[in-house]
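# Structure at a glance
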2 protein chains.
Amino acid sequence: MILERFKVPAKDQVHVSEAALRRTVTQIFEKLGLSKEDAAEGADVLTMTDLRGVETHGVSNMLRQYVRDYKAGKLDPRPGWRVVRQSPGTAVIDAERRLGIMVGPKAMRLAIEKARAVGVGVVTVYNSGHFGAIGHYAMQAALQDMVGVCFTGAGLSVVPTFAAKPLLGTNPIALAAPAGREAPMLFDAATSAIAGNKIRLAIRVGSPLLPGWVTDKDGNPIMEEKPVFNRDEYHQAPLGGTREQGSHKGYGFALMAEVLSTVLAGALPTMLAPASGSKTHFAAYNIEAFTDLEQFKNTMDDMLKTLRTAQPVEGQERVLYPGLSEAEEVLHRRAEGIPLHKEVLQWFAECAKDLGVAPLESMS
Amino acid sequence: MILERFKVPAKDQVHVSEAALRRTVTQIFEKLGLSKEDAAEGADVLTMTDLRGVETHGVSNMLRQYVRDYKAGKLDPRPGWRVVRQSPGTAVIDAERRLGIMVGPKAMRLAIEKARAVGVGVVTVYNSGHFGAIGHYAMQAALQDMVGVCFTGAGLSVVPTFAAKPLLGTNPIALAAPAGREAPMLFDAATSAIAGNKIRLAIRVGSPLLPGWVTDKDGNPIMEEKPVFNRDEYHQAPLGGTREQGSHKGYGFALMAEVLSTVLAGALPTMLAPASGSKTHFAAYNIEAFTDLEQFKNTMDDMLKTLRTAQPVEGQERVLYPGLSEAEEVLHRRAEGIPLHKEVLQWFAECAKDLGVAPLESMS
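On a predicted model such as this, the values are computed, not experimentally measured, just so you know.

Quick notes on the rules
- Residue numbers here run from 1 along each chain, matching the order of that chain's written sequence.
- Numbering of ligands from 1 and lettering of chains from A proceed in the order in which they are written.
- Local features in this predicted model are restricted to residues of pLDDT 70 or higher, and side-chain atom pairs are both shown and tallied only at a pLDDT of 80 or more, whereas totals for entire chains, interfaces and linings draw on every residue.
- By definition, residue pairs are in contact when their C-beta atoms, positioned from the backbone, come within 7 Å.
- Counting from the N terminus, the helices are the DSSP runs of H or I reaching at least four residues and the strands are the DSSP runs of E reaching at least two.
- The fit set for superposing copies consists of C-alpha atoms from residues with pLDDT of at least 70 in both; the fit itself is least squares.
- Here a helix's expected span is defined as the number of its residues, less one, multiplied by 1.5 Å.
- Buried means a residue has 20 or more other C-beta atoms within 10 Å of its own C-beta, exposed means 12 or fewer, and partly exposed covers the counts in between; C-beta atoms are placed from the backbone.
- The term nonpolar core means buried Ala, Val, Leu, Ile, Met, Phe, Trp, Tyr and Cys residues held together as one set by C-beta atoms within 7 Å.
- Note on definitions: angles span 0 to 180 degrees between N-to-C directions of axes, and those axes are lines fitted to C-alpha atoms, for helices only across the stretch in contact.
- By the definition used in this description, the sense in which the near helix is turned from the far one sets the handedness, with an anticlockwise turn below a right angle giving left-handed and a clockwise turn giving right-handed.
- Here the rule is simple: two strands pair whenever DSSP picks up at least two bridges between them.

Before going further, it helps to examine the interface of chain A and chain B. Taken residue by residue, the interface counts 74 residues in chain A and 74 residues in chain B. The greatest single-element share of the side of chain A that touches chain B, amounting to 8 residues, is contributed by helix H9 (residues 293-308) of chain A.

Right, here's the structure in full:
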């Protein structure tokens, strides 16, 4: 559910098909030294994220950074990881500088396997590159008739309530749960007032930042609408914005994600180790260990339909639930193509040329 | 970390000792038909909550309602519960209308037991009375060197983003994690802009409600400061307040709590079954299944100390972390007594007389 202000303006859009995007991204990853399997898996995470309309975490914002980091040797393209500790319901993984979008799908599969055995499975991964949109991994569990939950700790951009400097990352939290006739619930939100990538996106689409989203360099929440400005001129506020509006809760959720992803994995938070990479907690709950699967899905259907068909407040057309617009966007974009900013297409052209890959086909 | 505006005014305070409060509350519960063990356990939840300064969920706001519900036969005082389904890492419990503060401690003990066996334990409880401050159960796990997490689904007071009517409860989320030298982390927050009980407290202490906390009866967020008014004149807003400020995230967290506590337990959310009671998800993560306990505590210490000693923003004295002021309040109130509103003492006097219990001693 992306705000209108963040969408790519129609005049700047170029449409590409799902298949073309998958193909080109997979080829780029293969050229960077990744195995066929890892390349396809990473391309799947990015393509699905763009199909869901989560443009902040799709190819536009993220791929160029991944390519840069592989080229600079900051990311290790080789397959594998190291299992540090394991129990029937848990595992801790050292990603050894693999990219999160390659490691994440495997980590959630391991959590699902453990949940099949003992009802619930939790896998924590540290020392990793960026994980992309973690809702994707939660959805993996939902597609296996489980509830999937993820927490990520990464970055140093969010100012705790009453502090002057950033000490936490945007630390997102995600949950996905299957339904029967309704689209599955898919919740995936940064615990900051807005996602970090939204700033980059706002700059690209020329959109102003709203009150309560950011603080100045001394930690004071900025409470008026600001035109696009340099990323280095502000810090991010926790969800809530100010103490009175509940920023201590956004701050608490960020810390919750830090404990469950990072400290529980035996790793150090970014505030203590700036170069320590990303950490994610992957949890799968086997629904059948708790209740009948059909009953679960029926209740999800009834609940999600009640929300979807609820009377909207004056001035709004409808009530959404988390995952509804994403599911609609997947249908729409599978049919009409994925709208990318023409500037992104330009980057693709240069990148493909540089790596010796066929150019990304656009639809028109 | 309660806002100044919610504190009991000094002129209205009467102090009682921890021991006196425990004794009287235990006796009241025993007179209502509870076993010695359950009475003491419920009194412990309430007394610890008041010691932590979480007055919204201590004796002042909650006990009179519990007494009323036992007397009306809405709550069952007998010991016990029904295990509906179980696996090595999970259990589902039908509380059969027991009060949550009696059932909660047992549910978290069961989750801890399962976490000792397979690394992580999850227990969901439905068909229960009120659970009080769920941070208490998370702390039970922290005291056993585990990370404790709780999610509650209950009530029908929060308006989803863009909706006209309330469809969700204030659905709190809590996490506690042990540290070494630092006070443990204890996060416990409603996913609404403010906790439901804060309204009752605001009325008692005569404090106005701030912008973004509530909506009018048609779901429009009220964006100016409002004097205390009737509880029936408003609905609650999700954390964030408005869509632009991130209310869709507060709404998503509320739904996350609903899925993990209610739907996963095979129960119905309040929006579908108004009289279905409270549901809570109790999770314990055995730290030693993930990493070395000492390493975990050292990292918690370093992280919490970094937050506690961070430079504050201009106009603030210090930065807090969730659980710090609660730990300080416990020390302070153990020494100086628990400040109750004189009106609460009056209720205690009537209740004790009615049940034939010795009156609650004040510290004079």
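Moving on: the relation of the copies chain A and chain B. Relative to chain B, chain A is turned by 180 degrees and slid 0.0 Å along the rotation axis, the superposed coordinates differing by an RMSD of 0.0 Å. In symmetry terms, the pair is related by a two-fold rotation axis. Residue Gly240 of chain A of chain A places its C-alpha closer to the rotation axis than any other residue of that unit, at 2.5 Å. A high fraction, 100%, of the interface residues of chain A reappear at the interface in chain B, so the copies pair face to face through one surface.

The next point concerns helix H2 (residues 36-51) of chain A. Residue and element names in this part refer to chain A. Compared with an ideal rise of 1.5 Å per residue, which puts 16 residues at 22 Å, H2 spans 22 Å between its outermost C-alpha atoms and is within 8% of the ideal. Residues of H2 that are buried include every one of Asp38, Ala39, Gly42, Ala43, Val45, Leu46, Thr47, Met48, Thr49, Asp50 and Leu51, and no others. At its buried positions, H2 is contacted by helix H1 (18-31), helix H3 (59-71), helix H4 (100-118), helix H5 (135-143), helix H10 (324-336) and strand E11 (338-341). After H2 finishes, the residue Gly53 shows a positive phi value of roughly 85 degrees.

Here we take up the nonpolar core. Counting 242 residues, the largest nonpolar core has Ala138 of chain A together with Ala138 of chain B as its most contacted members. Once residues within four sequence positions are removed from consideration, Ala138 of chain A is found in contact with Gly148, Val149, Cys150, Ala174, Leu175, Ala176 and Leu186 of chain A.

Residue and element names in this part refer to chain A. Between H4 and H5, whose axes approach to 9 Å, the crossing angle comes to 35 degrees. The way H4 lies across H5 gives a crossing that is right-handed. Here Gly104, Pro105, Met108 and Ile112 of H4 lie close against H5, whose contacting residues are Tyr137, Gln140 and Ala141.

Taken together, the 7 strands give an open sheet; going across it, the order is E2-E3-E4-E10-E5-E6-E7 (chain B), and neighbouring strands pair in mixed fashion. If you trace the sheet from one side to the other, it starts and ends with strand E2 (82-87) and strand E7 (185-189) of chain B, each paired once. Across this sheet, the average inter-strand angle for adjacent strands is 10 degrees, counted without regard to direction. Relative to E7 of chain B, helix H7 (residues 247-263) of chain A is tilted by about 130 degrees, and along the sheet it contacts strand E5 (146-153), strand E6 (173-177) and E7 of chain B. Contacting E5, E6, E7 and strand E10 (278-286) of chain B, helix H5 (residues 135-142) of chain B crosses the sheet at an angle of about 160 degrees to E5 of chain B.

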